[in-house]
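# Coordinate inspection notes
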Amino acid sequence: MTDTDTDTQTDTGPAADAGTGILAGEQRMLIDGELRHTGSGALFDVVHPGNEQVIGQATDGTVADMEQAIGAARRAFDTGRWATDVEFRHHCLMQLHAALDRHKERLRRIVVSEVGCPVSVTGSQVEDPIDEVRHWAQYGLDFAYLQDTGVHKAVMGTARRTLQFDPVGVVGAITPWNVPLYLNIAESTPALMAGNTVVLKPAQLTPWSGTELGRIVAEETDIPAGVFNVVCSNANEVGAALSADPRVDMVTFTGSTATGRAILAAAAPTVKKTMMELGGKSAHVVLDDAKLEKCLPMAAMVACVMSGQACIMASRILLPRSRYDEGIDILRAAMEATPVGDPWDPGVMQGPQISETQRQKVLGLVASGIESGARLVTGGGIPENLPVGYFTQPTLLADVDPDSRIAQEEIFGPVLTVIPYDTDDEAVAIANNSIYGLSGEVSSADPDRAFGIARRLRTGNVTVNGRSHFGITSPFGGTKQSGLGRRNGDEGFREYLELKTIGHPG
Ligand code: NAD
């Protein structure tokens, strides 16, 4: 692996480990244009999930640090040029895009170091978000913030109506650890380009994907002080402070449904605008005419590639009873063939879970599934050849009760649960039997039949015959308890705008 950047941690901390590619990231937060530690100097450890070693630290920000960051973002929004000068925003975001692109290999190493995702699949963790910055810079420049909609019938006579789109204000962005650089950028850059100022609170387990972004903004762009702030911390109350503070106008959050509920409650007293991208328990409806040898190995690969730590993964496979045994055999072979191991090995498809806590949660849910009557087809434990690192075997559970915990709760591990069904209607009913509604998939030899089933799934997004719903130009988000609002596409940009309707003569 090569890197054009220097290999030393930018503040104090260990240098790169040339043998593995491990690289420690920036320790400092970015508050009001200044890269700095918390007042007490307290640090918290960052662990590489592939070898369980402490590989560096990040500053352990406090509620007081968060309050300063919010104050800075408020001032920058209320008094600076950011909210009103779209050409300047475009200039700054294009600078950010170029800087991120220059540091791409460094960022890749930092993401693999703190997430443990296989280096072979870092395109969506690194290249895609860097491209997004350029996309939003252009989208926001071209967007019509003032739209004349013509003359309308009004309460007394007629009025011309003009729609004005304004930035919401100070946006708090709270992100999880599974795709941290992507989500830090996906939550922050459309908000920034729409004219908002941002306080980013990255996840405890992956602070560097946030602090590196802060360092690059501070050192390599003209983004003014206070417009973009990053406060990392090992304490949940720092994120809670961001969601409750009256100076914050909007919270955009990606994470678990449980935390989403807490943030909604904290945001309620000040009626903040919220955007929530939450958990999922998506179903893949495999119809009885589907090419199983095509769609099922792909389903297994998707389940393993991020160690199952993907919100949109279809973790419930609904197989027709007429082809049940055939489908189980194909899934078993694919799960058992998945290369699991050192995330720095370019041949590896599945790395470790993010932490021992997450791995124990996965194994506990698998055990509960077996207790509830599911059949363990393969996996279910820790790979014997990988005693160090938080590795989990690719796991297949068949004969799963659709009402059991493993069919209802998000596992966030490389685990597929298989549920048999008899009719298309029954498959739709099982797929919709969930508090979640994030994603889904349908496979059939008949695309029209598959499309018809896709239309009946109560989710925000569906893939038909492997044609992905996901991309920067298409709205993405959840229904039911999987979220509120949409990311990406025109809808995703408008989430970060307020709409004012002006009635006037003309
Ligand atoms: P999490 O909910 O535990 O944490 C997410 C973030 O919230 C972290 O930064 C954390 O510090 C912060 N936080 C925790 N408690 C808080 C509180 N009371 N107030 C404010 N902030 C608080 O989620 P996680 O374990 O980091 O991530 C995994 C979850 O994220 C899964 O449920 C997954 O489905 C979901 N996810 C969803 C999407 C999506 O687009 N729908 C994408 C990726 C991940």
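What you see is a predicted model, and the numbers here were worked out from it, not measured in a lab. (Residues numbered from 1 in each chain as written. Predicted model: local features only at pLDDT ≥ 70, side-chain atom pairs only at ≥ 80, totals over all residues. Heavy atoms only, no water.)

Below, the discussion takes up the overall build of the chain. Across its full length, the chain holds 15 helices and 22 strands. Whereas a compact globule of 506 residues would reach a radius of gyration of roughly 23 Å, the chain reaches 23 Å, a difference of no more than 12%. Dimensions of the chain along its principal axes, counting C-alpha atoms only, are 65 × 65 × 40 Å. Out of the 506 residues in the chain, the part that is buried amounts to 58%. Carbon and sulfur atoms make up 53% of the accessible area of the chain, which amounts to about 19,000 Å² in all. In the chain, which carries 42 positive and 63 negative side-chain charges, the distance between the mean positions of the two groups comes to 6 Å. (Helix = DSSP H or I, 4+ residues; strand = E, 2+ residues; numbered from the N terminus. Rg over C-alpha atoms; globule rule 2.2 N^0.38 Å. Buried < 20%, exposed > 50% of the residue type's maximum accessible area, 1.4 Å probe, protein only. Areas by Shrake-Rupley, 256 points an atom, 1.4 Å probe, with all protein chains shown as cover. Lys, Arg positive; Asp, Glu negative; His and termini not counted. Charge placed at Lys NZ, Arg CZ, Asp CG, Glu CD.)

Attention shifts here to the nonpolar core. Among the nonpolar cores identified, the biggest contains 86 residues, and Met66, Trp82, Leu100, Val199, Phe228, Val231 and Phe493 are the most heavily contacted of them. Sorting elements by how many residues they give to this core places helix 2 (residues 86–102) first, with seven residues. Mapped onto the domain boundaries, this core takes at least three residues apiece from domain 1 (27–143 + 164–278 + 483–502) and domain 2 (283–471). When sequence neighbours within four positions are dropped, the list of residues in contact with Val199 reads Met66, Ala69, Ile70, Ala73, Val171, Gly172, Ala173, Asn229, Val231 and Leu242. Within the second largest apolar cluster, 30 residues are counted, among which are Leu296, Val305, Met306 and Ala310. (Core = buried A, V, L, I, M, F, W, Y, C linked by side-chain atoms within 4.5 Å. Domains from an automatic or database assignment. Contact = heavy atoms within 4.5 Å.)

For the rest of this paragraph, the subject is the environment of Glu114. With respect to the helices, strands and loops of the structure, Glu114 is situated in helix 3 (residues 104–115). Given the relative accessible area of 0%, Glu114 is considered buried. Setting aside residues up to four positions removed in sequence, Glu114 forms contacts with Val46, Val47, Pro49, Pro180, Leu205, Thr206, Pro207, Trp208, Ser209 and Ile354.

Another point: the site of the ligand. Contacts to the ligand come from 29 residues, most closely from Thr175, Gln204, Ser256, Leu278 and Glu410. Between the ligand and Trp177 there is a distance of 2.9 Å, counted from an oxygen atom to a side-chain nitrogen or oxygen. One nitrogen or oxygen atom from the main chain of Gly255 is found 3.5 Å from an oxygen atom belonging to the ligand. Expressed as a share of its isolated accessible area of 850 Å², the protein-covered part of the ligand is 89%. Top element by residues in the shell around the ligand is helix 7 (residues 236–244). It accounts for four residues. Of the residues that constitute the shell around the ligand, the class distribution is 14 nonpolar, 11 polar and four charged. Taken domain by domain, the makeup of the shell around the ligand includes at least three residues from each of domain 1 (27–143 + 164–278 + 483–502) and domain 2 (283–471). (Near = heavy atom within 4 Å. Polar contact = N/O pair within 3.5 Å; in protein donor to acceptor, adjacent residues only side chain to side chain. Nonpolar A, V, L, I, M, F, W, Y, C, P; charged D, E, K, R; others polar.)

Let us look at the sheet that holds strand 6 (residues 158–167). As summarised here, the arrangement of the three strands in space is 5-6-22, forming an open sheet in which the pairing is antiparallel. Where the open sheet ends on each side, the last strands, each with one partner, are strand 5 (146–153) and strand 22 (497–504). Neighbouring strand axes in the sheet, compared pairwise and without regard to direction, differ in orientation by 25 degrees on average. Note: strand 6 against strand 22, eight bridges, orientation antiparallel. Its bridge partner being in strand 22, Arg161 is matched across the sheet by Gly503. (Pairing = 2+ DSSP bridges. Axes fitted to C-alpha atoms, helices over the stretch in contact; angles between N-to-C directions.)

Of all seven residues that make up strand 4 (residues 53–59), five are buried, and the element is covered over most of its length. From the end of strand 3 (residues 43–48) to the start of strand 4, which pair antiparallel, there are four residues, and Glu52 there has a positive phi angle of about 65 degrees.

Here helix 2 is 17 residues long and its end C-alpha atoms lie 24 Å apart, about the 24 Å a rise of 1.5 Å per residue gives. Within helix 2, the full set of buried residues consists of Val86, Phe88, Arg89, His90, Cys92, Leu93, Leu96, His97, Ala99 and Leu100. (Expected span 1.5 Å × (residues − 1).)

If you walk through the whole model with that rule in mind, you get zero disulfides. Looking at the unpaired Cys117, the closest cysteine sulfur is the one in Cys311, lying at 15 Å. Since its relative accessible area comes to 6%, Cys117 is described here as buried. With relative accessibility at 24%, the residue Cys311 sits in the partly exposed group. (Disulfide = S-S within 2.5 Å.)

A complete count under the given rule lists 11 aromatic pairs for this structure. Between Tyr139 and Phe143, the aromatic rings sit 6.5 Å apart at their centres with planes inclined by 40 degrees, giving tilted as the arrangement. Between Phe143 and Phe493 the ring centres are 5.3 Å apart and the planes differ by 55 degrees, which places this aromatic pair in the tilted class. A residue pair is termed long-range when its members are at least 10 positions apart, and Phe143 in the loop between helix 4 (123–142) and strand 5 and Phe493 in helix 15 (residues 489–494) qualify at 350 residues. Of the two residues, Phe143 and Phe493, neither departs from the other in class, the shared state being buried. Following the ring pairs from residue to residue traces out a cluster consisting of Trp136, Tyr139, Phe143, Tyr145, Phe165 and Phe493. Note that Arg81 overlies the ring of Phe88, its terminal NZ or CZ placed 3.8 Å from the centroid. (Phe/Tyr/Trp six-rings, centres within 6.5 Å; stacked < 30°, edge-to-face > 60°. Lys NZ or Arg CZ within 6 Å of the ring centre and 35° of its normal.)

For the rest of this paragraph, the subject is the domain arrangement of the chain. Structurally, the chain comprises domain 1 (27–143 + 164–278 + 483–502) and domain 2 (283–471). Using only C-alpha atoms to locate each centre, domain 1 and domain 2 end up separated by 31 Å. Facing 29 residues of domain 1, the contacting portion of domain 2 comprises 29 residues. Between domain 1 and domain 2 lies a buried interface of about 2,100 Å² when both sides are counted; carbon and sulfur atoms form 65% of it. Inspection of the domain 1/domain 2 interface yields seven residue pairs in polar contact (both at pLDDT 80 or more). For the side of domain 1 that touches domain 2, the secondary-structure elements that each account for two or more residues are strand 3, helix 3 and helix 8 (257–267). In terms of residues, the side of domain 1 that touches domain 2 owes the most to one element, helix 3, which gives five residues. (Buried area = accessible area lost by both parts, 1.4 Å probe.)

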